[in-house]
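Listed below, chain by chain, are the residues.
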Amino acid sequence: MNFLILGIIIFFSIHLIPILPIKASLINKLGKNKYKGLFSLISLIGLITIIYGFNHADVYPVWNSVTYSKEIALALMPISTILLAASNMQTNIKRILKHPMLIGIIIWSFVHLLANGDLRSIILFASFGLYSLINIIFSKKNSTTNEINNYSSIKDFIAVVIGLIAYMLIILFHNHIAGVAIVFSFI
């Protein structure tokens, strides 16, 4: 459990920097490329530590999964993956929601908290959900923008298609990713 907590601290500490006033001074001091490189390296170290810590943490049950949690996850996760896809494109979804990636992570966290009531899962998924909520609240992007231009609907369509393809891949490979089969896999 210690590695899981250490990984979460590393990962989210570095991810809080962009919403704090010190980001600009770090970029000025290090340069933009060094800042991005250091940010990416520390994020990767944190993520690897999270994965290692989660896989090696003991399972301590805290609550039973919510009835129909699998069905709730199957219904909400496509929205999450679509929002994640839309966050990386110039879409109307992103223009309207401002934070589609963070909202997608909150949905992902929520459905996994419903389905997993063990301590390591609670620590993992609650930390991602809480971070995303904090980021939405304190992000400068949260302010209204003067941008009123609509993007092409084709970009929204592409985001939906990419999100649904990602969702299908997650379903097929969830057993390999998380050790829990969602549906019978033909692979």
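Note that the coordinates shown come from a computational prediction; the quantities given were computed from them, not determined experimentally.

Asks: Give a detailed account of the overall build of the protein chain, specifying residues and quantitative values.
Replies: Tallying secondary structure elements over the protein chain gives eight helices and zero strands in all. Against the 2.2 N^0.38 benchmark of 16 Å for 187 residues, the protein chain shows a C-alpha radius of gyration of 18 Å, consistent with a compact globule. For the protein chain, the spread of C-alpha atoms along the three principal axes comes to 45 × 40 × 30 Å. For the protein chain, the residues scored as buried account for 35% of the 187 residues in total.

Asks: Tell me about the packing of helix H1 (residues 2–16) against helix H7 (residues 119–138), residues and numbers included.
Replies: Interhelical geometry of H1 versus H7 gives an angle of 5° and a closest axis separation of 11 Å. Taken together, the axis directions place H1 and H7 in an arrangement best described as roughly parallel. Seen from H1, the contacting residues are Leu4, Ile8, Phe11, Phe12, His15 and Leu16; seen from H7, they are Arg120, Ile123, Leu124, Ser127, Phe128, Tyr131 and Ile134.

Asks: How would you sum up a nonpolar patch on the surface? Please name residues and give values.
Replies: A grouping of Ile154, Phe157, Ile158, Val161, Ile162, Ile165, Met168, Leu169, Leu172, Phe173 and Ile177 is seen on the molecular surface, where their side chains present a nonpolar patch of about 970 Å² in accessible area. You can see isoleucine 177 is positioned in helix H8 (residues 153–178).

Asks: An account of the packing of aromatic side chains is needed here, citing residue identities and associated values.
Replies: Overall, the coordinates contain eight aromatic pairs when judged by the stated rule. On the basis of an interplanar angle of 80° and a centroid distance of 4.8 Å, the ring pair of phenylalanine 12 and phenylalanine 128 is categorised as edge-to-face. Highlighted residues: phenylalanine 12 in helix H1 and phenylalanine 128 in helix H7, separated in sequence by 116 residues. For the residue pair phenylalanine 12 and phenylalanine 128, the accessibility class agrees, reading buried in each case.

Asks: Talk me through the side chain of histidine 15; I want residue IDs and the actual numbers.
Replies: Among the structural elements, histidine 15 can be located in helix H1. Histidine 15 has contacts with Phe39, Ser43 and Tyr131, leaving out every residue within four places of it along the chain.

Asks: Go over the side chain of histidine 174 with me, naming the residues and quoting the values.
Replies: Here histidine 174 is to be found in helix H8. Taking the relative accessible area as the measure of exposure, histidine 174 reaches 12% and is therefore buried. The residues touching histidine 174, leaving out its near neighbours within four places in the chain, are His112, Gly179, Val180 and Ile182.

Asks: Residue-level account of the pattern of salt bridges, with values.
Replies: Applying the stated criterion to the full structure yields one salt bridge. Among the salt bridges present, the one from arginine 120 reaches aspartate 118, with a minimum N-O distance of 3.4 Å. No difference in accessibility class separates arginine 120 from aspartate 118, as the two residues are buried.

Asks: Please set out helix H3 (residues 32–56) residue by residue, giving values where relevant.
Replies: It helps to recall that an α-helix has 3.6 residues per turn; residues three or four apart then point in one direction. With 25 residues, H3 extends 36 Å between its outermost C-alpha atoms, agreeing within 8% with the 36 Å of an ideal straight helix rising 1.5 Å per residue. Taken together, the buried positions of H3 are occupied by Tyr35, Phe39, Ser43, Gly46, Thr49, Ile50, Gly53 and Phe54. On the buried face of H3, the contacting elements are H1, helix H2 (22–30) and H7.

Scoring rules and cut-offs
Residues numbered from 1 in each chain as written. Predicted model: local features only at pLDDT ≥ 70, side-chain atom pairs only at ≥ 80, totals over all residues. Heavy atoms only, no water. Helix = DSSP H or I, 4+ residues; strand = E, 2+ residues; numbered from the N terminus. Rg over C-alpha atoms; globule rule 2.2 N^0.38 Å. Buried < 20%, exposed > 50% of the residue type's maximum accessible area, 1.4 Å probe, protein only. Axes fitted to C-alpha atoms, helices over the stretch in contact; angles between N-to-C directions. Parallel < 35°, antiparallel > 145°, perpendicular 65-115°, else oblique. Contact = heavy atoms within 4.5 Å. Patch = residues over 30% accessible without salt bridge, like charges linked within 9 Å, V, L, I, M, F, W, Y side chains within 5 Å. Areas by Shrake-Rupley, 256 points an atom, 1.4 Å probe, with all protein chains shown as cover. Salt bridge = Lys/Arg side-chain N within 4 Å of Asp/Glu carboxyl O. Phe/Tyr/Trp six-rings, centres within 6.5 Å; stacked < 30°, edge-to-face > 60°. Expected span 1.5 Å × (residues − 1).

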